[in-house]
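# Examining the three-dimensional arrangement
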Amino acid sequence: MIMLLERQTQLEQLDGLLAEAARGRGSVVALSGEAGAGKTALVEAFVAGAAKATRILRSACEDLSIPDPLGPLYDLAREAQWAMPQAIDARQGQRLPLFSGALDVFETRTQPTLLVIEDLHWADDATLDFVRFLGRRIANTHILVLLTARTDRSEGQARVRRALGEIPSGNVARIDVPLLSEAAVLSLASAAGRDGDAIYRVTAGNAFFVTELLCADNEMTPPASVRDAVVARAERLSAGARSMLDAVSVFPRRADAWALQGLCGVASAGQLAECVSNGLLDDLGDGYAFRHEIARRAIEMMLTTSYRRLFNQRALSALLENGGVATARLVHHAVEAHNFEAVREFAPIAAREASRVGAHRDAAGYYEVALRQADTLPVEERAGLYEQYAFECHLIARIDEAIKAQEQARALQKALGNTLKEGDSLRWLSRFAYLLGDRPAADLFGAQAVALLEAVPASAELAMAYSNLSQLAMLAERLDETLSLGGRAIELAEQLDRQDVVCHALNNVGAAEQWLDLASSRLHLARSLEIALEQNFQEHAARAFTNCACGEINQLGYSQAQSFLDRGIDYCVDNDLATWRDYMRGVRAQLLLRQGYWNEAAAEALDVISNDQATALVRYPALVALVKLRLRRGDPSAEPLLAEMNRFLERGAELQRLLPYAAIVAEQAWLGEAEIAEALRLIDLAETLSPTRAMFAELASWRQILSAGSDAGDTAGMAAPYRMLLAGDWQGAAAVWADLNAPYERALALAQGDEPAQRAALEIFETLGAKPVASHVREIMRRNGVIRIARGPRQTTRANSAGLTQRQMEVLQLIERGFSNKRIAEHLTISPKTVDHHVSAVLGKLDAISRGEATAAARDSGLI
């Protein structure tokens, strides 16, 4: 019980959450603390004291070199007597039906269910997606999901934090497991007759370390580290038991009893018993485990290289005798044993298994391991590994690696004389180059692919190469070319019964038709999405969601666009499609900005921009939203982001990228922050590239604002508010924007009207926090002879009314921009602890309980 000191508050919180689950209000709770803080001891105490009617299913993640895809779900399924392999086969590897089936198995309305997943920081992506899935659907169940995770700065912990952040806040609770206080350590030491001050100095209250020192020999000076304490206890074992302990140490998490017997023979039972009696191992009934991963790692790290390889080879041999062992465990031991033949055999299998359940990051990891030892494989097999690795890399936004791998595959296929595969490699290189933002290379590779494939009999590869060129044409707004190439792709793909190619080409055709025949466009896009979802074509589905949403935004169908984006982003999260997820989040940020939800838009866009893995192409929609927002707020940090947009355009000025960039520069010019001549040059360039006048509508209105009296040109087919503005009907345009809930655009229309309209525009700009825009409108009104123009309260006056200091105002403004405490500290060059104090003060003075509420209160009171 010594580990449960100072844990009563946490136990009461857990009891309360379980009671809520019993009443049909399920949730996810995450216990977090440093390694050795006592998370597992807290779980054990909670489980032991849980209501007798509670159904308890337990699992944990393992510290494997590459995680076992859905390993914890397999554990939970075994305890629930649910056949996971058969469930996966029945659902053809599709994760959403699999996760839904798991939820049905775990939910019983007759009793609460406690699902435990420990050490989530070692989880694979598919397991994290399962946690997200549960978190979004758990509110009306009788399930409590109990997670444990470390609070270190590892990549695993960061992924856990992101996963929990994507669960609705009302469905997730976080409980900190702090270090033991000095008083607690002194109390424990006193009871054991030890020097509590010395123990606390060494351990800083780490519960596992404290326990190890209290159980160590009664030395005058305690060991300097956990490792020293564990090793000192291990040295007291007999030679046979110590060798057994070394053998167990190469098994992450636990070693099955049958595996140890196969590894060490009949003498293993006595040796294991000695390890258990000395407090180094726990007897789990059907297996053995170290009392903590810290202890296992301490013993494992003591092994020489030769012994570590020897014990891992023995472990591999023992596991191979049992047919039910996860392939991921076989790969782990094969890698550690340097058994390269086994790596070549099992790593590709593990990669395919991971990919099948959507764990693309882990699949890429397994292919990477396999390719390190692939030199002796036949050329055709090696080329296939490179192709599969490239595909997985591109799904997780590692485009540079994808290109390198695909180039290797192409060279090998060319050496084999396999024209179909070489042509398909060129087509993939075209796609990857486009994702990297290299439009010229994308066009070149795409044309080379078609030329090569047209020289051999018609094939599915040629159909897909046509569709790729159709897509590139669509992205460049070459509408006739899109329809022609897309039609050829569909015709050939239907002859060959290749629904994946049909799905891809329909998407291209539908996206292009939005400017020509809206009804046909929606029909073709809907059919593309339907095929993708039915056939589990995951990337095609993500692309269809994206183009459906963008098409609706272009047609000002904001509610429909919102639906497509929400569904699409959820789909990408569930299927580990990071590239498409982040792209759609950038588009959603633009939509939020247009609807007046500026703080939400900033937060959404910043999340994408802060992702180091996002490519320039993926970042672009988020950049558009963030640059517009910062420009309108007068934030100088918009400039470097605008420069990034310009650098992207220099690599190939596609119209869909040029249009928002030109609109931003035009807005800058209107505000006096850019040259009008440059803005008009960009507008003219966009006009020459626009295949229809409808696409040019927004820029046409900006040209009229910047160059009064300019010819509006043909406005047929333009969206109603733009057409009205160009005809001088600012009232009608403002009314349409109001109906669409687009306050900024409404205010821009009103600003072109009479004095009452301009006063209304000024009020809207002030409410939104568009200070430079409001100042510009005031200047226009003054030039027009308007008097008694509302100035808006001085910021210092507003700050004083809330009692905020100058520094607190600075912090509030950064909170509004979506900065984390860490980023605020870096921006203001103060410590994170000082930021914590300032944030708490701001929340208190604004009577807010969250950052979002504080921002809303500040807006309502005119502070920002």
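A quick note: this is a predicted structure, and the numbers were derived from the prediction, not measured.

For the chain, the helix and strand inventory stands at 46 helices and eight strands. Along the first, second and third principal axes, the C-alpha set of the chain runs to 95 × 80 × 50 Å. Across the chain, the fraction of contacts at a sequence separation of at least 24, relative to all contacts at a separation of at least 6, is 64%. For the chain, the exposed surface amounts to about 35300 Å²; the carbon and sulfur share of it is 50%. Side chains of the chain give 90 positive and 111 negative charges; the mean places of these two sets differ by 4 Å.

On to the nonpolar core, then. Within the largest apolar cluster, 263 residues are counted, with the highest numbers of intra-cluster contacts made by Phe106, Leu120 and Phe765. Looking at this core element by element, the count peaks at 11 residues for helix α34 (residues 655-670).

Along the chain, leucine 762 turns up in helix α40 (residues 755-768). For leucine 762, a relative accessible area of 4% puts it in the buried group.

It should be kept in mind that the predicted coordinates are not to be read in detail where pLDDT is low. When pLDDT is averaged along the chain, the result is 89; 95% of the residues meet or exceed 70. Across the chain, the element-wise mean pLDDT spans from 51 in helix α42 (residues 795-802) up to 97 in helix α26 (residues 499-513).

Once that is clear, we can look at unusual backbone geometry. Most peptide bonds are trans, and most residues other than glycine sit at a negative phi. Phi at histidine 338 is positive, roughly 60°, even though this residue is not glycine. Mapped onto the secondary structure, histidine 338 falls in the loop between α17 (327-337) and α18 (340-356).

Taken in spatial order, the five strands of this open sheet run β2-β3-β4-β1-β5, and their pairing is parallel. Here the strands that pair on one side only, and so sit at the sheet edges, are β2 (55-60) and β5 (172-176). Between one strand axis and the next, the sheet turns through 15° on average, direction left out of account. Strand direction decides the pairing type here: strand β1 (residues 27-33) and strand β4 (residues 143-150), joined by seven bridges, are parallel. The residue of β4 that forms the bridge with glycine 33 is arginine 150.

Take the pairing of β4 next. When you tally the buried positions in β4, you get eight out of eight residues, the bulk of the element. Here β4 shows two buried faces, one formed by Ile143, Val145, Leu147 and Ala149 and the other by Leu144, Leu146, Thr148 and Arg150. Taken together, strand β3 (residues 113-118), helix α6 (residues 125-137) and β4 constitute a β-α-β crossover, and its handedness is right-handed.

Another point: empty space enclosed by the protein. Any empty space left between the atoms is revealed when a probe the size of a water molecule rolls over them. Summed over all chains, the structure comprises four cavities of 30 Å³ or more. When its volume is computed, the largest cavity comes out at roughly 150 Å³. What lines the largest cavity is a set of 15 residues, among which Ser701, Trp702, Tyr722, Glu745 and Leu748 lie closest to the centre. Every element with two or more residues in the lining of the largest cavity is listed here: α32 (616-633), α36 (697-706), α37 (720-726) and α39 (743-750). Considering each element in turn, the lining of the largest cavity owes the most residues, four residues, to α36. Of the pockets and cavities examined, the second largest cavity occupies roughly 60 Å³. Around the second largest cavity sit Tyr434, Gly437, Arg439, Leu617, Phe648, Gly652, Glu654 and Arg657, which together line it. Of the residues that constitute the lining of the second largest cavity, the class distribution is three nonpolar, two polar and three charged.

Moving on to the side chain of arginine 630. Tracing the chain through its elements places arginine 630 in helix α32. Although buried, arginine 630 forms no salt bridge, and the nearest oppositely charged side chain, aspartate 635, lies 4.1 Å from it. Leave out the neighbours within four places in its chain, and arginine 630 touches Leu606, Asp635, Ser637, Ala638, Leu641, Arg817 and Phe819.

Following the criterion strictly, the structure yields 12 aromatic pairs and no others. Seen from their ring centres, tyrosine 620 and phenylalanine 648 are 5.2 Å apart, and the 40° between their planes marks the pair as tilted. With tyrosine 620 in helix α32 and phenylalanine 648 in helix α33 (residues 638-650), the pair connects residues that are 28 residues apart, well separated along the chain. Neither residue differs from the other here; tyrosine 620 and phenylalanine 648 are each classed as buried. Members of the aromatic cluster, connected to one another through ring pairs, are Phe99, Phe130 and Phe133. Above the plane of the ring of tyrosine 466 lies arginine 488, whose end atom (NZ or CZ) is 4.4 Å from the centre. In this structure, arginine 632 packs its charged tip against the face of tyrosine 744, placed 3.7 Å from the ring centre.

Where helix α20 (residues 379-395) contacts helix α21 (residues 399-416), the two axes come as close as 8 Å, and the packing angle between them is 155°. The angle between α20 and α21 falls in the class roughly antiparallel. Seen from above, α20 lies across α21 with left-handed handedness. Every residue of α21 that contacts α20 at Val379, Glu380, Arg382, Ala383, Tyr386, Glu387, Tyr389, Ala390, Cys393 and His394 is listed here: Ile399, Glu401, Ala402, Ala405, Gln406, Gln408, Ala409, Leu412, Gln413 and Leu416. When its residues are assigned to classes, the contact of α20 with α21 shows 12 nonpolar, four polar and four charged.

Let us look at the state of the cysteines. According to the stated counting rule, one finds zero disulfides in the structure shown. You can see cysteine 572 has no disulfide; the closest cysteine sulfur is in cysteine 550, sitting 12 Å from it.

With six of its seven residues buried, β1 lies for the most part within the structure. Pairing of β1 with β5 involves five bridges; the strand directions are parallel. Its bridge partner lying in β5, leucine 31 is registered against isoleucine 175.

What counts, and where the lines are drawn
Residues numbered from 1 in each chain as written. Predicted model: local features only at pLDDT ≥ 70, side-chain atom pairs only at ≥ 80, totals over all residues. Heavy atoms only, no water. Helix = DSSP H or I, 4+ residues; strand = E, 2+ residues; numbered from the N terminus. Contact = heavy atoms within 4.5 Å. Areas by Shrake-Rupley, 256 points an atom, 1.4 Å probe, with all protein chains shown as cover. Lys, Arg positive; Asp, Glu negative; His and termini not counted. Charge placed at Lys NZ, Arg CZ, Asp CG, Glu CD. Core = buried A, V, L, I, M, F, W, Y, C linked by side-chain atoms within 4.5 Å. Buried < 20%, exposed > 50% of the residue type's maximum accessible area, 1.4 Å probe, protein only. pLDDT = per-residue confidence, 0-100. Pairing = 2+ DSSP bridges. Axes fitted to C-alpha atoms, helices over the stretch in contact; angles between N-to-C directions. Right-handed = clockwise from strand over helix to strand, strands pointing away. 1 Å grid on protein atoms, 1.4 Å probe; cavity = no way out; pocket = protein on both sides within 12 Å on 5 of 7 lines; lining within 4 Å. Points joined across faces, edges and corners; volume = space filled by probe spheres on them. Nonpolar A, V, L, I, M, F, W, Y, C, P; charged D, E, K, R; others polar. Salt bridge = Lys/Arg side-chain N within 4 Å of Asp/Glu carboxyl O. Phe/Tyr/Trp six-rings, centres within 6.5 Å; stacked < 30°, edge-to-face > 60°. Lys NZ or Arg CZ within 6 Å of the ring centre and 35° of its normal. Parallel < 35°, antiparallel > 145°, perpendicular 65-115°, else oblique. Left-handed = near helix turned anticlockwise from the far one by under 90°. Disulfide = S-S within 2.5 Å.

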